[in-house]
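Below, each chain spelled out in residue letters.
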Amino acid sequence: MVKLRIDGKEIEAKEGTMLIEAAREVGAVIPSLCYNEELPPYGACRLCLVEVKRGKQSRITTSCNYPVMEGIEVSTTSEKVLKYRRINMELIFARCPNSETIKEMAREMGIEKPRFSLKDDDCILCGLCVRACKEVVGVSAISFVNRGTNRWVATPFFDHSAVCIGCGSCAYVCPTQCIGMEDVGTIRRFRKWNTEFKLKECKVCGYPFAPEFQLEFMRKKANLPKDYLDTCPNCRP
Ligand code: SF4
Ligand code: SF4
């Protein structure tokens with residue numbers, strides 16, 4: 001365990017804990033869009049900034065990828081922290097001015113309109129979808145392409161990815177809900193990945209419950225019998 005102070009409170013935290021977790025544990029409100037405790041931190045949205053004092057040195061840093069350390073003093077609400085978070089929020093808001101999630105977060109920070117020139121994007125490049133696909137699903141069907149202002153998340157060659165299993169994990173973690181997954185009848189579509197999958201109909205109740213491709217992927221991975229995933233979770237004994 002290490003001892004540190006967060007917003008004046010002395011706390012103990014397990015070594016390896018990230019500051020964002022330790023601070024939220026003691027009631028600090030730290031905004032973030034790209035942090036998900038199930039995935040490796042990435043520090044992309046830069047909304048979780050905090051000020052860390054170590055001896056005589058002080059620095060502003062992202063708290064999602066900064067581990068707790070003995071003796072440090074952390075401020076989650078210093079003037080500098082609030083100023084830089086606000087600038088980062090304005091930049092994100094200017095990139096995605098029509099996202100309801102972003103609009104609401106910006107409003108909570110007192111921003112009604114960003115000062116920067118507006119774009120018309122819906123992706124904040126947080127990388128959550130890429131990390132979930134790689135680290136949780138284990139297939140790497142999507143990745144970042146290009147650099148700078150032309151950076152996107154996409155499938156290889158912007159075409160149907162041969163390894164995408166249609167599981168939807170990317171859509172579930174996306175903070176701006178911009179992947180556009182929808183199940184219509186027996187088809188699952190992904191607007192952003194320009195792809196669709198046939199859903200398996202449960203052999204008992206007929207409900208289309210998961211993409212056939214995903215079920216086959218899971219069946220092979222777990223070495224299950226051929227008909228094991230023919231029934232939906234509700235009808236499975
Ligand atoms: S739906 Fe495709 S791209 Fe999205 S997480 Fe699953 S495998 Fe990856
Ligand atoms: S599509 Fe969504 S999850 Fe992926 S980088 Fe963009 S905002 Fe993040």
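Residues numbered from 1 in each chain as written. Chains lettered and ligands numbered in written order. Predicted model: local features only at pLDDT ≥ 70, side-chain atom pairs only at ≥ 80, totals over all residues. Heavy atoms only, no water.

Asks: If you had to explain the packing of helix H2 (residues 79-95) against helix H3 (residues 100-108) to someone new, which residues and values would you point to?
Replies: Look at H2 against H3: their axes get within 10 Å of each other, and the N-to-C directions meet at 150°. Between H2 and H3, the crossing angle belongs to the class labelled roughly antiparallel. Considering only the axes of H2 and H3, their crossing is left-handed. On H3, the residues touching Met89, Ile92 and Phe93 of H2 are Ile102, Lys103, Met105 and Ala106. Its residues placed into classes, the contact of H2 with H3 shows 6 nonpolar, no polar and 1 charged. (Axes fitted to C-alpha atoms, helices over the stretch in contact; angles between N-to-C directions. Helix = DSSP H or I, 4+ residues; strand = E, 2+ residues; numbered from the N terminus. Parallel < 35°, antiparallel > 145°, perpendicular 65-115°, else oblique. Left-handed = near helix turned anticlockwise from the far one by under 90°. Contact = heavy atoms within 4.5 Å. Nonpolar A, V, L, I, M, F, W, Y, C, P; charged D, E, K, R; others polar.)

Asks: With reference to specific residues and values, describe the sheet that holds strand S5 (residues 73-75).
Replies: Read from one edge of the open sheet, 5 strands run S2-S1-S5-S3-S4, paired in mixed fashion. In this open sheet, the two strands that pair with only one neighbour each are strand S2 (9-13) and strand S4 (57-62). Between one strand axis and the next, the sheet turns through 30° on average, direction left out of account. Where strand S1 (residues 2-6) meets S5, 2 bridges bridge the pair, whose relative direction is parallel. Note on S5: the bridge partner recorded for Ile6 is Val74. (Pairing = 2+ DSSP bridges.)

Asks: How would you sum up helix H4 (residues 128-137)? Please name residues and give values.
Replies: Most of H4 is tucked away, with 7 of its 10 residues classed as buried. Every buried residue of H4 is accounted for by Leu128, Cys129, Val130, Arg131, Ala132, Cys133 and Val137. Looking at the packing, one finds that the buried side of H4 touches strand S6 (143-145), strand S7 (152-154), helix H5 (169-173) and helix H6 (212-221). (Buried < 20%, exposed > 50% of the residue type's maximum accessible area, 1.4 Å probe, protein only.)

Asks: Please provide a residue-by-residue account of the site of ligand 2, values included.
Replies: If you check the shell around ligand 2, you find 13 residues, and the closest are Cys123, Cys126, Gly127, Cys129 and Cys174. Under a 2 Å grid-point criterion requiring more than half of the atoms, the pocket assigned to ligand 2 is the second largest cavity. Its residues assigned to classes, the shell around ligand 2 comprises 11 nonpolar, 2 polar and no charged. (Near = heavy atom within 4 Å. 1 Å grid on protein atoms, 1.4 Å probe; cavity = no way out; pocket = protein on both sides within 12 Å on 5 of 7 lines; lining within 4 Å. Sits in = over half its atoms within 2 Å of the grid points.)

Asks: For the sheet that holds strand S11 (residues 208-211), give the residues involved together with the corresponding values.
Replies: One open sheet accounts for 4 strands, arranged S8-S9-S10-S11; its pairing is antiparallel. At either end of the open sheet lies a strand with only one pairing partner, and these are strand S8 (181-184) and S11. Neighbour-to-neighbour, the strand axes of this sheet turn through a mean angle of 30°, independent of strand direction. Taken together, the 3 bridges between strand S10 (residues 195-201) and S11 define a ladder with antiparallel strand orientation. Of the residues in S11, the one forming a bridge with Lys200 is Ala210.

Asks: How would you sum up the nonpolar core? Please name residues and give values.
Replies: Counting residues in each nonpolar core, the largest one holds 22 residues, and the members touching the most others are Cys129, Ile142, Val153, Cys170, Ile179, Phe190 and Trp193. Counting only elements with at least two residues in this core, the list comes to H4 and H5. If near-sequence neighbours (up to four positions away) are discounted, Cys129 is found in contact with Ile142, Val153, Cys170, Val173, Ile179 and Trp193. Judged by nonpolar contacts, the second largest core, of 20 residues, contains Leu4, Ala23, Ala28 and Val74. (Core = buried A, V, L, I, M, F, W, Y, C linked by side-chain atoms within 4.5 Å.)

Asks: How would you explain the site of ligand 1 if you had to name every residue and give the values?
Replies: Among the 13 residues in the neighbourhood of ligand 1, the closest are listed as Cys133, Cys164, Cys167, Gly168 and Cys170. Class assignment for the residues of the shell around ligand 1 results in 10 nonpolar, 3 polar and no charged.

Asks: Tell me what's going on with the pattern of salt bridges, and back it up with residues and numbers.
Replies: Applying the stated rule across the entire model yields 12 salt bridges. Measuring nitrogen to oxygen at the nearest pair gives 2.6 Å for the salt bridge that ties Glu90 to Arg115. Taken together, the positions of Glu90 in helix H2 and Arg115 in the loop between H3 and H4 put the pair 25 residues apart, joining distant regions of the chain. Overall, Arg115 belongs to the exposed group, its relative accessible area being 62%. (Salt bridge = Lys/Arg side-chain N within 4 Å of Asp/Glu carboxyl O.)

Asks: Which residues make up the packing of aromatic side chains, and what values do they have?
Replies: Scanning all chains against the criterion turns up 4 aromatic pairs. On the basis of an interplanar angle of 85° and a centroid distance of 5.8 Å, the ring pair of Trp152 and Phe158 is categorised as edge-to-face. By relative accessible area, which is 40% here, Trp152 ends up partly exposed. Between the aromatic rings of Phe197 and Phe213, the centroid separation amounts to 6.3 Å while the plane-to-plane angle is 40°, which identifies the pairing as tilted. On the criterion of sequence distance, the pair formed by Phe197 in strand S10 and Phe213 in helix H6 is long-range, its members being 16 residues apart. Residue classification places Phe213 among the partly exposed positions, given a relative accessible area of 45%. The aromatic ring of Phe144 is capped on one face by Arg151, whose charged end is 3.9 Å from the ring centroid. (Phe/Tyr/Trp six-rings, centres within 6.5 Å; stacked < 30°, edge-to-face > 60°. Lys NZ or Arg CZ within 6 Å of the ring centre and 35° of its normal.)

Without other data, these values stay purely geometric and don't point to any function.
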